[in-house]
Amino acid sequence: MRVISVVNYKGGVGKTTLTANIGAQIAAWGKRVLLIDLDPQASLTFSFLRPERWRAELAEQRTIKQWFEAWRMDSTVPPLAPVLTSPSVVNDRIADGGGRLDLAASHLSLGDVEMNLAARLGGAEVHRSTRHYFDVYLRLNAALATLPAPAYDLVLMDCPPNFGVITRAAVAASDQLLIPARPDELSTLGIEHLQSRLRRYIWEFNRIVDLQSDLHPTVRKLEPVILGVVFTMVQYYGGQPIAALRPYIAQTRQLGLPVFEAMVRESNSHFAGAARAQIPVILSEQTPHALGWELHRLVEEFLKRVRTAAS
Ligand SMILES: Nc1ncnc2c1ncn2[C@@H]1O[C@H](COP(=O)(O)OP(=O)(O)O)[C@@H](O)[C@H]1O
Ligand SMILES: [Mg+2]
């Protein structure tokens, strides 16, 4: 089971769209895929489920929020399986390939969970006690460990647009990270900032692993691999990103981060309708050939990078 988080502390850069499209295509190719929506905005959830259905069937008891709330210190980890759901529209579409797409839905008040976890860590960064450090940051690892084997081939976690406790817990549970970005000035600065926050967090986590090796001998150090930056919402002219965008793409390469060859073009009309259809653009019959081809290439490159990083 490979676990990958989709991270960028900026919103509106295509995290959720990429998570939905990559996950759905890999499931359509016959794999068992689990998507975990960790953003209180719940856009990933509503990409596959109608809000009425979410409210009627999931909101009260079967979202990732209730899983977090069921967690108790010094007690067995609550199983994740009861909060998972199989969205029917997309699963009907992919059934022929033998794969499956499951979802851990989010909740609009997942922000409360974030605040409680932050409080448990003890607030202000410098003086923070490290007593509950692993309880908090390894919670999603623990959740995934409850899945009965053989569980999933791939788990994709769609992170909220910040580098808070839940995003960090997702990073701690991940083998690899995917960073969507838009080729513009703010996004490029954002990637640099994200890279330094990630480095610092991983350093801090691993230092505490060393310091608490007596107390927590089984906790392993983090070494998530950055699969790469994927540029989304790219404006094209004559089959190429428009000239104004190219400096930002070049700058990102200079940060030393891998950058995907494949990019996703800006196409408001197609992406805007996807949630209503509950089928990601990549699987939609309405998607024009050029866009569909581009998204396929992206998923193929994604799988290639996943395999290379793992070997
Ligand atoms: N390639 C694209 N072209 C046009 N609109 C897009 C594209 N990708 C995503 N969008 C739209 O942009 C908005 C933000 O994307 P989203 O994936 O939700 O970003 P994030 O999860 O990073 O906040 C959504 O309304 C989505 O439908
Ligand atoms: Mg999102």
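Relevant structure appears above.
This is a predicted model, so every value here is computed, not measured. The residue numbers shown here count from 1 along each chain, following its written sequence. The lettering of chains begins at A and the numbering of ligands begins at 1, in the order of writing. Predicted model: local features are reported for residues with pLDDT of at least 70 only, side-chain atom pairs are reported and counted for 80 or more only, and whole-chain, interface and lining totals are derived from all residues. Calculated side-chain values reflect all of the structure's heavy atoms, with hydrogen atoms and water omitted.

Asks: How would you sum up the packing of aromatic side chains? Please name residues and give values.
Replies: Between 30 and 60 degrees the pair is tilted, below 30 it is stacked and above 60 it is edge-to-face, where a pair is any two Phe, Tyr or Trp rings, Trp via its six-membered ring, whose centres lie within 6.5 Å. Taken as a whole and judged by the stated rule, the model has nine aromatic pairs. Ring plane angle 75 degrees and centroid distance 4.7 Å describe the contact between Tyr 133 and Tyr 137, whose orientation is recorded as edge-to-face. Placement of the pair is Tyr 133 and Tyr 137 together in helix α7 (residues 133–137), with a separation of four residues, close to one helical turn. With respect to class, Tyr 133 is no different from Tyr 137; both count as buried. Taking 6.2 Å as the distance between ring centres and 70 degrees as the angle between the ring planes, the aromatic pair formed by Tyr 201 and Phe 205 counts as edge-to-face. Pair noted here: Tyr 201 and Phe 205 are both in helix α10 (residues 185–211), with a separation of four residues, about one helical turn. Given a relative accessible area of 1%, Tyr 201 falls into the buried group. Three or more aromatic residues joined by ring pairs make a cluster, and in this case those are Tyr 133, Phe 134, Tyr 137, Phe 163, Tyr 201 and Phe 205. Charge-over-ring placement is defined geometrically: NZ (Lys) or CZ (Arg) within 6 Å of the ring centre, and within 35 degrees of the ring normal. Across from the ring centre of Trp 71, 3.5 Å away, lies the NZ or CZ of Arg 139, which sits over that ring. Under the scheme used here, helices are H or I runs from DSSP no shorter than 4 residues and strands are E runs no shorter than 2 residues, and both carry numbers assigned from the N terminus. The rule is simple: take the accessible area with a 1.4 Å probe, protein chains only, and divide by the maximum for that residue type; under 20% is buried, over 50% is exposed, in between is partly exposed.

Asks: Kindly report on the sheet that holds strand β7 (residues 225–231), identifying the contributing residues and their values.
Replies: Note: strands within a sheet are paired through backbone hydrogen bonds, in either parallel or antiparallel orientation. The pairing criterion is simple: DSSP has to find at least two bridges between the two strands. Read from one edge of the open sheet, seven strands run β3-β4-β2-β5-β1-β6-β7, paired in mixed fashion. Both edges of this open sheet fall to β3 (84–85) and β7, since each of them pairs with a single strand only. For strand β6 (residues 176–181) and β7, the ladder comprises six bridges, and the chain directions are parallel. Considered in β7, the bridge of Leu 177 is made with Ile 226.

Asks: Describe the pairing of strand β5 (residues 154–158), and please don't skip the residues or the numbers.
Replies: Burial within β5 is extensive, with five of its five residues counted as buried. Going residue by residue along β5, you find Leu 154, Leu 156 and Asp 158 tucked away on one face and Val 155 and Met 157 tucked away on the opposite face as well. Where strand β1 (residues 2–6) and β5 come together, five bridges link them in parallel fashion. Each residue of the ladder has a partner; that of Val 3, found in β5, is Val 155. Here strand β2 (residues 32–37) runs beside β5; their pairing, made up of five bridges, is parallel. Across the sheet, the residue bridging to Ile 36 is Met 157, located in β5.

Asks: Quick rundown of the site of ligand 1? Include the residues and the values.
Replies: Nearness here has a simple test: a residue counts as near a molecule or strand if at least one of its heavy atoms is within 4 Å of that partner. Surrounding ligand 1, one finds 14 residues, the nearest of these being Gly 12, Thr 16, Thr 17, Arg 265 and Ser 267. As used in this structure description, the phrase polar contact means that two N or O atoms lie within 3.5 Å; if the pair is within protein, one of them must be able to donate a hydrogen and the other to accept it, and residues adjacent in sequence are counted only when both atoms belong to side chains. A distance of 2.6 Å separates an oxygen atom of ligand 1 from a polar atom in the backbone of Gly 12. Elements represented by at least two residues in the shell around ligand 1 include exactly α1 (15–28) and α12 (268–277). With three residues, the top contributor of residues to the shell around ligand 1 is α1.

Asks: Break down the pattern of salt bridges for me, with residues and values.
Replies: When a carboxyl oxygen of Asp or Glu lies within 4 Å of a side-chain nitrogen of Lys or Arg, that pair is called a salt bridge. Inspection of every chain in the model, using the stated rule, returns eight salt bridges. In this structure, Arg 53 engages Glu 57 in a salt bridge whose closest nitrogen and oxygen atoms are separated by 2.8 Å. Note that Arg 53 and Glu 57 are positioned in helix α3 (residues 51–58) at a spacing of four residues, about one turn of the helix. Among the residues examined, Arg 53 registers a relative accessible area of 29% and is labelled partly exposed. Owing to a relative accessible area of 41%, Glu 57 belongs among the partly exposed residues under this scheme. Here Glu 301 makes a salt bridge to Arg 305, at a shortest N to O gap of 3.0 Å. Here Glu 301 and its partner Arg 305 are both found in helix α13 (residues 289–310), four residues apart, which amounts to about one turn of the helix. Glu 301 gets classed as buried once you look at its relative accessible area, which sits at 12%.

Any functional reading would require information beyond the geometric quantities listed.
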